[in-house]
Amino acid sequence: MTLNELTQIFDTVNFGLVVLDRDIKIQYWNRWMAMHSGIPSDQIIGEALFDFFPHLSTPSFNKNCKAVLSFGNFAFFSQKLHSFLFPFKPDSSFGYRFELMQQSCTMGPLRSDDNSISGLFLIVQDVTELATYEQKLIEMNTKDALTGIYNRRFLESRLSDECERHRRHSRYLSLIMIDIDFFKKVNDTYGHQCGDMVLQAVASKAVSVIRKTDFIARYGGEEFCCLLPETSAENAEVVAENIRMSIEEMTNCFENHSIKVTISLGISCFVAEDSPETLLKKADDALYQAKHSGRNRFVRLSPT
Amino acid sequence: MDYCLNTISDEEKEILQEIMNIAFGKAAADLAEVINIFVVLSVPYIEMLMAHDLPVYIKSQVSEYDRVSIVEQNFWGEFKGSAFLVFQASAGRELISLFGDGSGDFGSESIDALEKETLMEVGNILIGACVGKLSELLGDAVTYSPPRVVTENTPNDAIPVNIFESGSSAIVLKTVFCFNERNVHGFLFLVTSHDSILWLKKSLAAFMEQYE
Amino acid sequence: MIKKILLIDDSPISRRIMKSCIPKDRDYELYEAGDGLAGFEAYKEIRPDVTFMDLTMPVMDGAEATEKIKEFHPEAVVIVCTADIQIKSITNVLGLGALMVIKKPPSKETIEDALSKAEAHIG
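In this text the structure is predicted, and so the values were computed from the model without any measurement. (Residues numbered from 1 in each chain as written. Chains lettered and ligands numbered in written order. Predicted model: local features only at pLDDT ≥ 70, side-chain atom pairs only at ≥ 80, totals over all residues. Heavy atoms only, no water.)

Draft legend 1. Looking closely at the overall build of chain B. A count of helical and extended segments in chain B gives six helices and eight strands. Counting from the amino terminus, chain B carries its helices and strands in the arrangement α-β-β-α-β-β-α-α-β-β-α-β-β-α. A total of 212 residues make up chain B; the buried ones form 55% of that total. Put simply, 75% of the contacts in chain B that link residues at least 6 apart link residues at least 24 apart. (Helix = DSSP H or I, 4+ residues; strand = E, 2+ residues; numbered from the N terminus. Buried < 20%, exposed > 50% of the residue type's maximum accessible area, 1.4 Å probe, protein only. Contact = heavy atoms within 4.5 Å.)

Draft legend 2. Spotlight on the domain arrangement of chain A. On domain assignment, one finds that chain A holds domain 1 (3–134) and domain 2 (143–300). On a C-alpha basis, the centres of domain 1 of chain A and domain 2 of chain A stand 47 Å from each other. (Domains from an automatic or database assignment.)

Draft legend 3. Structural view of the packing of helix α1 (residues 10–35) of chain B against helix α6 (residues 196–209) of chain B. Residues and elements named next belong to chain B. Taken N-terminus to C-terminus, the directions of α1 and α6 make an angle of 75°; their axes are 10 Å apart at the nearest point. One finds that α1 runs roughly perpendicular with respect to α6. Where α1 approaches α6, its residues Glu12, Ile15, Leu16, Ile19 and Ile22 are matched on the opposing element by Leu200, Lys201, Leu204, Phe207 and Met208. Split into classes, the residues belonging to the contact of α1 with α6 amount to eight nonpolar, no polar and two charged. (Axes fitted to C-alpha atoms, helices over the stretch in contact; angles between N-to-C directions. Parallel < 35°, antiparallel > 145°, perpendicular 65-115°, else oblique. Nonpolar A, V, L, I, M, F, W, Y, C, P; charged D, E, K, R; others polar.)

Draft legend 4. Structural context of the sheet that holds strand β5 (residues 100–103) of chain C. Residues and elements named next belong to chain C. Pairing is parallel in the open sheet, where five strands are placed in the order β2-β1-β3-β4-β5. With one partner strand each, in any of the chains shown, β2 (29–33) and β5 form the two edges of the open sheet. Neighbouring strand axes in the sheet, compared pairwise and without regard to direction, differ in orientation by 20° on average. Relative to strand β4 (residues 78–82), strand β3 (residues 50–53) is paired through three bridges, and the arrangement is parallel. Within β4, the position partnered with methionine 53 by the bridge is valine 80. Packed on one face of the sheet, helix α2 (residues 36–46) meets β1 (4–8), β2 and β3 and runs near 170° to β1. (Pairing = 2+ DSSP bridges.)

Draft legend 5. Spotlight on the interface of chain A and chain B. The interface of chain A with chain B comprises 24 residues on the first partner and 31 residues on the second. Across the chain A/chain B interface, buried area totals approximately 2,200 Å², and carbon plus sulfur atoms make up 56% of it. Of all residues in chain A, Lys63(A), Phe71(A) and Leu81(A) give up the largest surface area on contact with chain B, accounting jointly for 32% of the area buried on that side. At the junction of chain A with chain B, the criterion picks out zero salt bridges. Scanning the region where chain A abuts chain B turns up two residue pairs in polar contact (both at pLDDT 80 or more). For the side of chain A that touches chain B, the elements supplying multiple residues, two or more each, are α5 (59–71), β3 (75–77), α6 (79–82) and α8 (152–169) of chain A. (Buried area = accessible area lost by both parts, 1.4 Å probe. Salt bridge = Lys/Arg side-chain N within 4 Å of Asp/Glu carboxyl O. Polar contact = N/O pair within 3.5 Å; in protein donor to acceptor, adjacent residues only side chain to side chain.)

Draft legend 6. Looking closely at the nonpolar core. With 77 residues, the main nonpolar core has Phe87(B), Phe179(B) and Phe52(C) as its most contacted residues. Every residue in contact with Phe87(B), bar those within four places of it in the chain, is listed here: Tyr65(B), Arg67(B), Val68(B), Ser69(B), Val71(B), Leu95(B), Leu119(B), Val122(B), Phe177(B), Phe179(B), Val184(B) and His185(B). Judged by nonpolar contacts, the second largest core, of 30 residues, contains Ala240(A), Ile247(A), Phe254(A) and Val261(A). (Core = buried A, V, L, I, M, F, W, Y, C linked by side-chain atoms within 4.5 Å.)

Draft legend 7. Geometry of the packing of α5(A) against α1(B). Interaxial distance between α5(A) and α1(B) falls to 10 Å at its minimum, and their mutual angle equals 145°. Crossing hand, α5(A) versus α1(B): right-handed. Across from Lys63(A), Lys66(A), Ala67(A), Ser70(A) and Phe71(A) in α5(A), the residues of α1(B) making contact are Ala27(B), Asp30(B), Leu31(B), Val34(B) and Ile35(B). When its residues are assigned to classes, the contact of α5(A) with α1(B) shows six nonpolar, one polar and three charged. (Left-handed = near helix turned anticlockwise from the far one by under 90°.)

Draft legend 8. Molecular detail of the arrangement of the chains. Pairwise contact counts over the two pairs of chains in contact peak for chains A and B. Separating chain A from chain C is a minimum C-alpha gap of 16 Å, and the two share no contact.

Draft legend 9. Molecular detail of the side chain of Glu223(A). Residue and element names in this part refer to chain A. Relative to the assigned elements, glutamate 223 resides in strand β8 (residues 223–229). Here glutamate 223 is buried and forms no salt bridge, its nearest opposite-charge partner arginine 152 lying at an N-O distance of 6.2 Å. Other than its neighbours up to four places away in sequence, glutamate 223 contacts Met177, Ile178, Asp179, Ala217, Arg218, Asp284 and Leu287. (Lys, Arg positive; Asp, Glu negative; His and termini not counted.)

Draft legend 10. Representation of the packing of aromatic side chains within the structure. All names here are of chain A. Taken as a whole, this structure holds 24 aromatic pairs over all chains when the rule is applied. Among the aromatic side chains, those forming a connected cluster through ring pairs are Trp29, Trp32, Phe53, Phe86 and Phe88. A cation over a ring is seen here: lysine 143 above tyrosine 150, with NZ or CZ 5.4 Å from the ring centre. Directly above the ring of phenylalanine 182 sits lysine 185, whose terminal nitrogen or CZ lies 4.6 Å from the centroid. (Phe/Tyr/Trp six-rings, centres within 6.5 Å; stacked < 30°, edge-to-face > 60°. Lys NZ or Arg CZ within 6 Å of the ring centre and 35° of its normal.)

Draft legend 11. The interface of chain B and chain C, seen in detail. Taken together, the contact pairs 19 residues of chain B with 16 residues of chain C. Approximately 1,500 Å² of surface area, both sides summed, lies buried where chain B meets chain C, with 63% of it carried by carbon and sulfur atoms. Taken together, chain B and chain C are joined by two salt bridges. For Glu18(B), the salt bridge identified is with Lys104(C), shortest N-O distance 3.3 Å. Seen at the junction of chain B and chain C, the total is six residue pairs in polar contact (both at pLDDT 80 or more). Elements represented by at least two residues in the side of chain B that touches chain C include exactly α1 and α6 of chain B. The element best represented in the side of chain B that touches chain C is α1(B), accounting for eleven residues. Its residues placed into classes, the side of chain B that touches chain C shows eleven nonpolar, three polar and five charged.

Written out as structure tokens, the structure is:
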């Protein structure tokens, strides 16, 4: 095949192809790259890649270039961790959740006839569609459909990770179990639609009150569970009280009714011999006590 | 020993040993010089095995680790096979501080993802350097698949059971590596498939011819 | 004048490669040893003019053997020939008194060069 024929192929393929010399100057820029970057090939060939894309000049990218040039290995820039190398607009904005095209890129060596490495190539693949599907799937698997916060499955897997981590590094870990008081009454009085609205309101209120490092999931019907990494018993009580107060102060409007609810909370703190199950059980026991000592309060059982 | 024709002789084994010594020495020196990674590679060890004995062999070698992280990467050229980099599972965190970009901006990605990425990057470079130098000395240039990271509770679950066709033989090249600054160590296994053995015998002979 | 050369390396292949790189027309007497300790013993007995020393060896490594030989005989000419070419290892053995370090695999040229440096050193 002639070079001309090869070039025709490179210019029709549906991915980006860039060739760089040992000084990271651009030697080849296929039509796909020209189209998506808006930079025609004759303007960029012979120029330094970092002059046009300065954000690429990171220690990690440079390290990868050097490694490929000296060892002839391949470097992979996954969409998962890098999102993209080149900031391009997505091919179609329809149905995508990303403002910029998601890319999966591969870098490899180019060798001359004597097998020495003369430069490197970069292949850029558009994986926006795939990444969108993946994001939707993850969301469906980890989020609760009604409230939009995490679901129980995700909480449980996260809980066992966190327990493991805190056992290894002997750090604090606290957990709060939350239950809406007299929720059945809301449902019975105003109907399930109203009940759903209350659940949504409580969930989003709680999310807005907790700290960035905490996270909350819908655990059951009207039960929520909040996981607080790196948090001592005293600080967990502060978080619990903040949540309790914010729900007590909240007024929900449904049709012409204004509805107020309260919550009860049970706190447990991780100790070395705890498992995810015992941590949940302790919080549940504390919650039970909170209910039985009058509701609208938190209880933390002191370690026995 | 009723090994078939496709086995290597003791002399070939010694030649390969010497070539690996040279290759890994170059790899370590270049890693230090080019990208400031300081790694000590032990004298490589060569073992001929039947492919179906491989998982048991690797497990027995890493039995001191209770939880392992494995970076797996395939390479192909004339020299063809799989590389397995086995770390103790806690190594990921140590390596982040050793290789971290300093940018620290992984957005919503959890520490686990960062650990995985670091393992992948370290694995990719270490495997690339070792396999690259070795194949270079043997007169070949290889291509690589993207690395894959497996983290498991026990070595039992993490080591693939059927890498190559059972009944075929494999050459396992083992080395212990250690990042001195962080006291992180692990094993590198290069497993060359049966198809490469004839080619390997030829290149070993060609290597020695220079010194006749 | 160099007459006796001692090769200390645990790999027979490596010794074979070394021998093939040493000029054959000069009637050098070649001796071999398979580890650092055996090498040191051989040194005491043979008193070679030049010793080629590998670093990574069983029983006693090349750095220790170099140290022992230089202690025993400060004028000894030890040329380290190793695959371990990290700066740290090289500075280490030079500090122990090795004349120079050559990279494995050796070639006829590097060995020739090393021998003439050794010759000049002996004077």
